[in-house]
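# Architecture and fold: a report
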Amino acid sequence: MEKKETRDTICLLKECNAGSKMAVSSIEDVLDKVKDSSMRKLLSESKSHHEKLCDDIHTLLEQHHSEEKEPGNVAKGMAWLKTTMKLGMEESDATVADLMTDGCNMGIKTLHKYLNQYPAADHSSKDICNRLIDIEEKLCRDLKSYL
């Protein structure tokens, strides 16, 4: 059973790592387009939370003698294309909020899927995943006033 726990723990941590990196990348893609200073601050703070979580995940992966996971090229490419197209049609804070809310919702859904897919993961990796979900949910809530 210990092998399954270790495998599930590493898999969950890698998926959280890729998700955190995807979030950082997505925020970086839109940050310079945001006009409202409060919204810019909100996104910057969320980016910092994701980066801190990436550091925590990196430490846990090192403890398990495992490598980090980068977001998939297809997912990154699709996100970039959607962002570029939507902002090309209407560059506004509402568009950025819409894009980021969609990304948060996709992340939340995916993270819950991974929690279910890797049930034997240890407590610390599940805690990291739930912290990431909390960060995404908070950002989604905070962006609603900009939609």
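Residues numbered from 1 in each chain as written. Predicted model: local features only at pLDDT ≥ 70, side-chain atom pairs only at ≥ 80, totals over all residues. Heavy atoms only, no water.

## Remarks on the layout of surface pockets
The volume enclosed by the largest pocket comes to roughly 810 Å³. Taken together, 35 residues make up the lining of the largest pocket; nearest its centre are Met22, Ala75, Gly103, Met106 and Gly107. Listing elements by their share of the lining of the largest pocket, those giving two or more residues are helix H1 (2-31), helix H3 (73-89), helix H4 (93-117) and helix H5 (123-143). Across the lining of the largest pocket, the residue classes break down as 18 nonpolar, nine polar and eight charged. (1 Å grid on protein atoms, 1.4 Å probe; cavity = no way out; pocket = protein on both sides within 12 Å on 5 of 7 lines; lining within 4 Å. Points joined across faces, edges and corners; volume = space filled by probe spheres on them. Helix = DSSP H or I, 4+ residues; strand = E, 2+ residues; numbered from the N terminus. Nonpolar A, V, L, I, M, F, W, Y, C, P; charged D, E, K, R; others polar.)

## Concerning the packing of H4 against H5
Where H4 meets H5, the axes come as close as 9 Å, and the angle between the chain directions of the two elements is 155°. In terms of axis orientation, H4 runs roughly antiparallel to H5. Crossing geometry of H4 relative to H5 is assigned as left-handed. Contacts between H4 and H5 involve Ala97, Met100, Thr101, Gly103, Cys104, Asn105, Ile108, Leu111, His112 and Leu115 on the former and, on the latter, Lys126, Cys129, Asn130, Leu132, Ile133, Glu136, Glu137, Leu139, Cys140 and Leu143. When the residues that make up the contact of H4 with H5 are grouped by side-chain class, the tally is 12 nonpolar, five polar and three charged. (Axes fitted to C-alpha atoms, helices over the stretch in contact; angles between N-to-C directions. Parallel < 35°, antiparallel > 145°, perpendicular 65-115°, else oblique. Left-handed = near helix turned anticlockwise from the far one by under 90°. Contact = heavy atoms within 4.5 Å.)

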